[in-house]
Amino acid sequence: MRHDPLIPDLAVVTEIRTDTPDVKTFRVAGLDGKKPFVHIPGQCAMLSVPGVGEALFSITSSPTEPDFLEFSIKKCGCVTAWLHEIQPGQQITLRGPYGNGFPVDTAFAGKDLLFIAGGIGLAPLRSVINYVRCYRQRYGTVDIVYGARSKEDLVDSEEILTRWSREPGINVHLTIDRPQPDWAGHVGFVPDYVKELGFDTGKTVVMCGPPVMIKFTLAGLLSLGFSKEQIYTTFELKMKCALGKCGRCNIGDKYVCKDGPVFRLDQMDTLPDEY
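Notes on the structure in this doc start here. (Residues numbered from 1 in each chain as written. Predicted model: local features only at pLDDT ≥ 70, side-chain atom pairs only at ≥ 80, totals over all residues. Heavy atoms only, no water.)

1. Regarding the overall build of the protein chain
Of the regular secondary structure elements, the protein chain holds 7 helices and 15 strands. The globule rule puts the C-alpha radius of gyration for 275 residues at 19 Å, and the 18 Å found for the protein chain is close to it. Along the first, second and third principal axes, the C-alpha set of the protein chain runs to 50 × 45 × 35 Å. Within the protein chain, one finds 30 positive and 33 negative side-chain charges whose respective centroids are separated by 2 Å. (Helix = DSSP H or I, 4+ residues; strand = E, 2+ residues; numbered from the N terminus. Rg over C-alpha atoms; globule rule 2.2 N^0.38 Å. Lys, Arg positive; Asp, Glu negative; His and termini not counted. Charge placed at Lys NZ, Arg CZ, Asp CG, Glu CD.)

Structure representation (structure tokens):
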């Protein structure tokens, strides 16, 4: 495939995995069977279906995967509904990557990391987590706090339970919103669980989830003593065309698609209160 992020290329969906009742993960390769392009954890790509539409999605696979890209997609609109009905072998168009990604090789290097996710918000963080797992010696301890509405809504639960939670130096903390008969783990909302766990304030925080979860989790982290320079989040939901042309992702003097979607909390403080 051509490496031009402005021009869509044909790609093929080679594998589809059902994660939750409304989330599927799509594995994508070029028509030549090779990885379409190289990306940084946290970057996005535009998937389009001719005659149906196009939409921007986080790349959920790690850059360390040599042969494919993956996208975990929640069924919530025209394009996503169509994608949820396709079978492996379907061709789509793909362009990217877009955005700045997380500073995995600079600001994160040598740090203890705390990942906080809610619902489908785990998808953008999965790329970062698996990158850190691959280069484990470059980072300190890793804590992952992840919550969803129910046990069935936990995205990538098999990978979390059979791989992440079994690796030395990685601590996984799962929670669901309400009790279930077959759930023996923690019950409660992510912001409250983060405060309950009371993490050491030397950690670098990487967070993604619904805006309301981010709002209250940020407040909780600051009350625990974390500084704004330690906390990163992503605004990819604000992006539309990914080219800086449509203006939908404009916040003050920033375009999320060009200056983000990853921002530190202190950088967010310089933006107008529009999100």
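There is more to say, and it comes next.
2. Some details on the sheet that holds strand 4 (residues 53-58)
Read across the sheet, 6 strands follow the order 4-3-6-1-2-5 without closing on themselves; strand pairing throughout is antiparallel. Strands at the two margins of the open sheet, each flanked by one partner only, are strand 4 and strand 5 (69-74). On average, each strand axis in the sheet is tilted by 40 degrees relative to the strand beside it, whichever way the strands run. Across 4 bridges, the pairing between strand 1 (residues 9-20) and strand 6 (residues 91-98) is antiparallel. (Pairing = 2+ DSSP bridges. Axes fitted to C-alpha atoms, helices over the stretch in contact; angles between N-to-C directions.)

3. Quick notes on helix 4 (residues 190-197)
Residues of helix 4 that are buried: Val 190, Pro 191, Tyr 193 and Val 194. Buried residues of helix 4 fall within an arc of 165 degrees about the axis and therefore sit on the same side. Turned more than 90 degrees away from the buried face of helix 4, the exposed residues are Asp 192 and Glu 196. Directly beyond the C-terminal end of helix 4, a positive phi value near 55 degrees is found at Gly 198. (Buried < 20%, exposed > 50% of the residue type's maximum accessible area, 1.4 Å probe, protein only. Arc of directions from axis to C-beta.)

4. Description of the packing of helix 4 against helix 5 (residues 211-224)
Running from N to C, helix 4 and helix 5 cross one another at 15 degrees; their axes reach a closest spacing of 8 Å. One finds that helix 4 runs roughly parallel with respect to helix 5. Relative to helix 5, the crossing made by helix 4 is right-handed. Taken together, the residues of helix 5 that come into contact with helix 4 (itself represented by Val 190, Pro 191, Val 194 and Lys 195) are Met 213, Phe 216, Thr 217, Gly 220, Leu 221, Ser 223 and Leu 224. Along the lines of polarity and charge, the residues of the contact of helix 4 with helix 5 split into 7 nonpolar, 3 polar and 1 charged. (Parallel < 35°, antiparallel > 145°, perpendicular 65-115°, else oblique. Left-handed = near helix turned anticlockwise from the far one by under 90°. Contact = heavy atoms within 4.5 Å. Nonpolar A, V, L, I, M, F, W, Y, C, P; charged D, E, K, R; others polar.)

5. Some words on the environment of Ile 214
You can see Ile 214 is positioned in helix 5. For the pair formed by Ile 214 and Val 190, sequence separation is 24 residues and the distance between their alpha carbons is 9.3 Å. Filtering out sequence-adjacent residues up to four positions away, Ile 214 remains in contact with Met 207, Gly 209 and Thr 233.

6. Digging into the side chain of Thr 20
Along the chain, the position of Thr 20 falls in strand 1. Residues contacting Thr 20, with those up to four places away along its chain left out, are Glu 152, Asp 153, Leu 154 and Val 155.

7. Some details on the sheet that holds strand 10 (residues 186-187)
Spatially, 10-9-8-7-11-12-15 is the arrangement adopted by the 7 strands of the open sheet, whose pairing is mixed. Looking along the sheet, the strands with just one partner apiece sit at the ends: strand 10 and strand 15 (262-264). Alignment of strand 11 (residues 204-208) against strand 12 (residues 231-234), held across 3 bridges, turns out to be parallel. Bridge pairing links Val 205 to Ile 231 in strand 12. Across the face of the sheet, helix 5 comes into contact with strand 7 (113-118), strand 11 and strand 12 while running at roughly 165 degrees to strand 11.

8. Remarks on the nonpolar core
Counting 30 residues, the largest nonpolar core has Phe 102, Phe 108, Phe 115, Leu 122, Leu 125 and Tyr 146 as the members making the most contacts within it. Elements with a contribution of two residues or more to this core: strand 7, helix 2 (122-134), strand 8 (142-148), strand 9 (170-176) and strand 11. Setting aside residues up to four positions removed in sequence, Tyr 146 forms contacts with Ala 117, Gly 118, Gly 119, Leu 122, Asp 153, Leu 154, Val 155, Ile 160, His 173, Leu 174 and Thr 175. Within the second largest apolar cluster, 24 residues are counted, among which are Ile 116, Val 145, Tyr 193 and Leu 265. (Core = buried A, V, L, I, M, F, W, Y, C linked by side-chain atoms within 4.5 Å.)

9. Comments concerning the pattern of salt bridges
A full pass over the atoms with the stated rule returns 17 salt bridges. A salt bridge links Arg 27 to Glu 70; its shortest N-O distance comes to 2.8 Å. In this pair, Arg 27 is assigned in strand 2 (residues 23-30) and Glu 70 in strand 5, connecting sequence segments 43 residues apart. On the basis of relative accessibility, which here comes to 22%, the residue Arg 27 falls in the partly exposed class. Using a relative accessible area of 2% as the deciding quantity, one classes Glu 70 as buried. Each of Glu 15, Arg 17, Asp 19, Arg 27, Glu 70, Arg 126, Asp 156 and Glu 159 takes part in one network of salt bridges that share partners. (Salt bridge = Lys/Arg side-chain N within 4 Å of Asp/Glu carboxyl O.)

10. Describing the pairing of strand 8
A large share of strand 8 lies buried, amounting to 7 of its 7 residues. Here strand 8 shows no split at all, with Val 142, Ile 144, Tyr 146 and Ala 148 on one side and Asp 143, Val 145 and Gly 147 on the other all buried. Two strands pair when backbone bridges link them, and strand 7 and strand 8 are joined in this way by 6 bridges, in the parallel orientation. When the bridges of strand 8 are listed, Phe 115 appears paired with Ile 144. For the handedness criterion, the β-α-β arrangement of strand 7, helix 2 and strand 8 is classed as right-handed. Pairing of strand 8 with strand 9 involves 7 bridges; the strand directions are parallel. (Right-handed = clockwise from strand over helix to strand, strands pointing away.)

By themselves, these figures tell us nothing about what the structure is for.
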